[in-house]
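Each chain, written out:
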Amino acid sequence: GTKYPQEGFAGVDRLIISGEDTPQYPMLRHMPKVIEFFNKKKRESAGLLQCRKGINRSAILGIALRIRQVIKASTTGASRGNRSPAFILGTAWRSVSENR
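All values reported here derive from a predicted model rather than from experimental measurement.

**Student:** Help me understand the overall build of the protein in this model?
**Tutor:** Along its length, the protein carries three helices and two strands. In the protein, the proportion of contacts linking residues at least 24 apart, taken out of those at least 6 apart, comes to 51%. About 7,600 Å² of surface is accessible on the protein, with carbon and sulfur atoms providing 54% of the total.

What follows is the structure, encoded as structure tokens:
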């Protein structure tokens with residue numbers, strides 16, 4: 001059989017990224033693909049970040065995505081706010097950990 005099931009779940013778009021199952025694997029190299037996936041997915045579809053082995057690879061991508069959103073929001077119009085690295089990381093971490 002295949003490593004991943006061919007069928008998906010109704011209402012959930014998915015992107016499968018192959019990565020090594022080691023803590024030091026550079027997951028951020030996949031960010032352009034992940035950003036493109038979330039930008040192109042159907043608006044009414046859910047998106048799921050999941051690490052098959054549970055060694056925080058999906059959390060890394062989730063936090064990186066959220067950091068990107070926080071930075072974008074803090075640099076536009078009326079949303080300009082605190083852009084310190086500590087604020088950005090703290091905001092991203094809280095958002096990802098509260099919505100997991």
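Structure shown, so let's carry the discussion forward.
**Student:** Would you mind going over the side chain of T91 with me for this structure?
**Tutor:** Relative to the helices and strands, T91 is located in helix α3 (residues 85-98). When near neighbours in sequence (up to four residues on either side) are disregarded, T91 contacts R66 and V70.

**Student:** Just checking my understanding: could you explain the packing of helix α2 (residues 57-74) against α3 for this structure?
**Tutor:** Relative to each other, α2 and α3 sit at 125°, their axes nearing to 8 Å. Taken together, the axes of α2 and α3 are oblique relative to one another. Where α2 crosses over α3, the two elements pack in a sense that is right-handed. On the side of α2, the interface is formed by G62, I63, R66, I67, V70 and I71, while α3 contributes F87, I88, L89, T91, A92, W93, S95 and V96. A class-by-class count of the residues in the contact of α2 with α3 yields ten nonpolar, three polar and one charged.

Rules used in this analysis
- Residues numbered from 1 in each chain as written.
- Predicted model: local features only at pLDDT ≥ 70, side-chain atom pairs only at ≥ 80, totals over all residues.
- Heavy atoms only, no water.
- Helix = DSSP H or I, 4+ residues; strand = E, 2+ residues; numbered from the N terminus.
- Contact = heavy atoms within 4.5 Å.
- Areas by Shrake-Rupley, 256 points an atom, 1.4 Å probe, with all protein chains shown as cover.
- Axes fitted to C-alpha atoms, helices over the stretch in contact; angles between N-to-C directions.
- Parallel < 35°, antiparallel > 145°, perpendicular 65-115°, else oblique.
- Left-handed = near helix turned anticlockwise from the far one by under 90°.
- Nonpolar A, V, L, I, M, F, W, Y, C, P; charged D, E, K, R; others polar.

Keep in mind these numbers describe shape, not what the thing actually does.
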